[in-house]
Amino acid sequence: MDCSSGCGCPRRPDLPVKLPVIVNTNGGAASKMGDKLVPALTEAFEAAGATAMIEPLDGDDMPAAIEKAAKQGRVVVAGGDGTVSCAAQQLAGGETELGLLPLGTLNHLARDLGLPTDLDAAAKVAVRGEATAIDVAEVNGRVFVNNASIGLYPLMVREREGLQDGKGWPKWLSTLPAAYAALERLPYRRLRLDLGKGERTIVTPLLFVGNNTYSLDRGAIGRRESLTDGKLSVYAVAHRSRLSLLWFAARALAGRARRELDFVTLGECETLKVWSTGDSIEIALDGEVQRLASPLEFRIRPGALKVITG
């Protein structure tokens, strides 16, 4: 029986007596819980049969804490996809097992892995579950677990962060006006791509690179059936007017995107190289925007991250 169902099976004897739990206090659900967060986590892990060493930290302090906790053999992180990406940067390629408490806003990786969103159930999986080796992707040495994007999305994230910092709005409230502001600027990027079969030049408002294949089907848009296929999925949105781009976004959200109409590039590969016209490219990695030197060199790392899945 799957441990996430609350079957009452015992904690594995090889796990640390005190389980490191690193909490990103900036995460969506975590920040809302406030002073109730640590007691709730303590109770959830006690019910699961473990004593948790809980470290509530600002996001900037998490890499060092995760690296230190990795010596225990299993470490649990609580937060959203950015938190998981931070942990993957530290743990990919090693033997440390990673448990996830999805306390972010969207929690895409946890969803695609079928992990529970309920805190008590997620703690049971983190304590009693077994590790599954999943793929991660990497660009210029930076690991990401979901996707990377160039163009419209990084611009939208910058606009959203400006509203969050300037007006104090939450992420969900800032997203729509930020998306509108980004569409008003409608950046088009001229990029050269090589998916391992020779270079080609494209002009696109959005280049998207996924860790494994993302669905475009109705009811499953943006989901992945597998995280172990050892592939990067590459999507480039076709050059279009602002109105047409809005129509595309609406159809994509409804699961009605058309591969032959909406994408100038759509393929799968193990490595990808991207050149821009400048010396660097602004890119969003699992929702976190940063600037990396051009060219961008992507690769898939099959089975590099051990995640507790039940």
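For the structure itself, consult the block above.
Throughout this document, residue positions are counted from 1 along each chain, in the order its sequence is written. Since the coordinates come from a predicted model, pLDDT governs what is reported: local features require at least 70, and pairs of side-chain atoms require 80 or more to be given and counted, while whole-chain, interface and lining totals use all residues. Side-chain measures here rest on the full set of heavy atoms in the structure, leaving out hydrogens and waters.

> Requested: an account of the overall build of the protein chain, with residues and values cited.
Per the convention used, a helix needs a DSSP run of H or I reaching at least four residues, while a strand needs a run of E reaching at least two, with both numbered from the N terminus. Scanning the protein chain from N- to C-terminus turns up 10 helices and 16 strands. When checking whether two residues touch, look at their non-hydrogen atoms; a contact exists if any pair is within 4.5 Å. Counting only contacts in the protein chain whose residues sit at least 6 apart along the sequence, the fraction spanning at least 24 positions is 70%. Method for areas: the Shrake-Rupley scheme with a 1.4 Å probe, in which residue coverage is limited to the protein chains shown. Approximately 14,500 Å² of the protein chain is accessible, and the part contributed by carbon and sulfur atoms is 50%.

> Any details on the pairing of strand E4 (residues 97-102)? Residues and values, ideally.
Working definition: with a 1.4 Å probe on protein chains only, accessible area under 20% of the residue-type maximum means buried, over 50% means exposed, and in between means partly exposed. Of all six residues making up E4, six are buried, and the element is well covered by its neighbours. Burial along E4 is two-sided: Glu97, Gly99 and Leu101 and Leu98, Leu100 and Pro102, pointing in opposite directions, are all buried. Where strand E3 (residues 74-79) lies against E4, six bridges are found, and the strand directions are parallel. Paired with Ala78 across the two strands is Leu101, which belongs to E4. Assessed by its sense of winding, the connection that carries the chain from E3 through helix H4 (residues 81-91) to E4 is right-handed. With two bridges joining them, E4 and strand E16 (residues 296-308) adopt parallel strand pairing. Across the sheet, the residue bridging to Glu97 is Lys306, located in E16. Between any two strands, at least two bridges found by DSSP are needed for them to pair. Here a crossover is taken to be right-handed if, once the strands point away from the viewer, the path from the first strand over the helix to the second is traced clockwise.

> Residues and numbers for the packing of aromatic side chains, please.
Two rings from Phe, Tyr or Trp (for Trp, the six-membered ring) form a pair when their centres are within 6.5 Å of each other. A pair whose planes differ by under 30 degrees is stacked, one over 60 is edge-to-face, and the rest are tilted. Tallying each qualifying case throughout the model produces three aromatic pairs. A ring pair is formed by Phe144 and Phe298, whose centres lie 6.2 Å apart and whose planes are at 85°; its orientation type is edge-to-face. Here Phe144, found in strand E6 (residues 142-144), pairs with Phe298, found in strand E16; they are 154 residues apart in sequence, far enough to count as distant. One aromatic cluster is present, built from ring pairs that chain together Phe208, Tyr214 and Tyr235.

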